[in-house]
Amino acid sequence: MQKSYSLQELATKVGGTLRGNADVVVNGIAALSKAEANQLTFISNAKFRPLLAESKAGILVVSEADVEFCSPESNLLIVKDPYVAYAVLAQYMDTTPKAAQNIHPSAVISEKASIGENVSIGANAVIEEGVVLGDNVIIGAGCFVGKFTKIGAGTQLWANVSVYHEVEIGQNCLIQSGAVIGSDGFGYANDRGRWVKIPQVGQVIIGNNVEIGACTCIDRGALDATVIEDNVIIDNLCQIAHNVHIGTGTAVAGGVIMAGSLKVGQRPALHGRYIVLPQPPIQQLLHLMVAVAEQRAEMLRPFRDTAFHNVPPFELFRVLIISALNNSTVLFQCQERICAELMNNL
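Predicted model only: the values in this text are computed from it and were never measured.

S.K.: Please clarify how the overall build of the chain should be interpreted in this entry.
M.R.: Along the backbone of the chain there are five helices and 34 strands. For the chain, contacts bridging at least 24 residues in sequence account for 26% of all contacts bridging at least 6. Accessible surface, the chain: about 17800 Å² in total, of which carbon and sulfur atoms supply 53%.

This is the structure:
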């Protein structure tokens, strides 16, 4: 049975103000153009304001600036940022099932593992010796958790996640299906054409409130740990090489490849399909990288006349690499001057 939520309840949840019938109830969320009387919707872009007056939604989440475009009969939840409020309410009303419920009889759990309160482990999952699972951890079907790994309270692994030995994962993390955490880094020595494998004996240490997308791989460190700090979000199909250190609040979109020992500062956003090289810091031209990835060339036009003499040489190399990968016309127009500046710096 679907749960219903009143306008008053939802306003209290996000700290907003309301206009209309405080007792009206909804049981779902829909797009502005499709929402019906039993659904909540929101507006996050002013270009959609013409749709507000005709909306059939039971509750409209809007900003103060949007109110004048709404019908007087509409029930409004007025907030500072409708998109953030939508995110909070979507979590509150979420009906996504958990990856597992209870402990399935086919799960293989070592007697030497420590299992917290209210832990769920799905079918055919393997929990090896020395593993520590905090309270309310959920391990999906077919997952593997290697020896002496620690997983903090409230973390959830969806089906078929592989977590190697001696990995540390913090509290309230979410790891999507097919992710591999703690696999060997790509470490080899070359002995006259013969590759000699270097054992990767470092850990992977993941902070709290981290989300890792499907089929993303995070390699363990060669000697020291690969580190993902708190509140990092990593999309699907990313490669995080050994000894990378990703700072708090970083967002990494799909397809990003981070080379070994890269250090990413706090709260940047790396958009899709990047190959990021290990020459820190990367913050100085991060907005430029984002602009290329999103193909917003208009944001790059000011760089045509920018003096590059204050930009470190490695950052200039990075611009050249990005322009080659993304075929950005504006960046190509800068290449001749960038190359000249590099020659002066090297």
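Okay, back to it.
S.K.: Any chance you could explain the nonpolar core here in plain terms?
M.R.: Residues Leu133, Ile139, Leu157, Ile181, Ile206, Ile228 and Met258 are the most contacted members of the largest nonpolar core, which totals 40 residues. Residue contacts for isoleucine 181: discarding those within four places in its chain leaves Ser162, Val163, Tyr164, Val167, Val204, Ile206, Ile212 and Ile218. Counting 15 residues, the second largest nonpolar core, distinct from the first, contains Val24, Ile59, Val79 and Ala85.

S.K.: Can you help me understand the sheet that holds strand β18 (residues 168-169) in this one?
M.R.: Working definition: the strands of a sheet are paired by backbone hydrogen bonds and lie parallel or antiparallel to each other. The parallel open sheet is built from eight strands, whose spatial order is β9-β12-β15-β18-β23-β26-β29-β32. Bordering the open sheet on either side are β9 (114-115) and β32 (263-264), each of which pairs with just one other strand. Examined bridge by bridge, β9 and strand β12 (residues 132-133) share two bridges and lie parallel to one another. Bridge pairing links serine 114 to valine 132 in β12.

S.K.: What's the story with the packing of aromatic side chains in this structure? I'm lost.
M.R.: Here the distance between the centres and the angle between the planes together describe a pair of aromatic rings. In this structure the tally under the stated criterion is six aromatic pairs. Ring geometry for phenylalanine 42 and tyrosine 83: centres 6.0 Å apart, planes at 55 degrees, overall tilted. Residue phenylalanine 42 is found in strand β5 (residues 39-42), and its partner tyrosine 83 is found in helix α2 (residues 82-92); the two are separated by 41 residues along the sequence. Judged by its relative accessible area of 17%, phenylalanine 42 falls in the buried class. Geometrically, the ring pair formed by phenylalanine 42 and tyrosine 86 is stacked, given 4.0 Å between the ring centres and 15 degrees between the ring planes. Of this pair, phenylalanine 42 sits in strand β5 while tyrosine 86 sits in helix α2, placing them 44 residues apart in sequence.

About the cut-offs
- Residues numbered from 1 in each chain as written.
- Predicted model: local features only at pLDDT ≥ 70, side-chain atom pairs only at ≥ 80, totals over all residues.
- Heavy atoms only, no water.
- Helix = DSSP H or I, 4+ residues; strand = E, 2+ residues; numbered from the N terminus.
- Contact = heavy atoms within 4.5 Å.
- Areas by Shrake-Rupley, 256 points an atom, 1.4 Å probe, with all protein chains shown as cover.
- Core = buried A, V, L, I, M, F, W, Y, C linked by side-chain atoms within 4.5 Å.
- Buried < 20%, exposed > 50% of the residue type's maximum accessible area, 1.4 Å probe, protein only.
- Pairing = 2+ DSSP bridges.
- Phe/Tyr/Trp six-rings, centres within 6.5 Å; stacked < 30°, edge-to-face > 60°.

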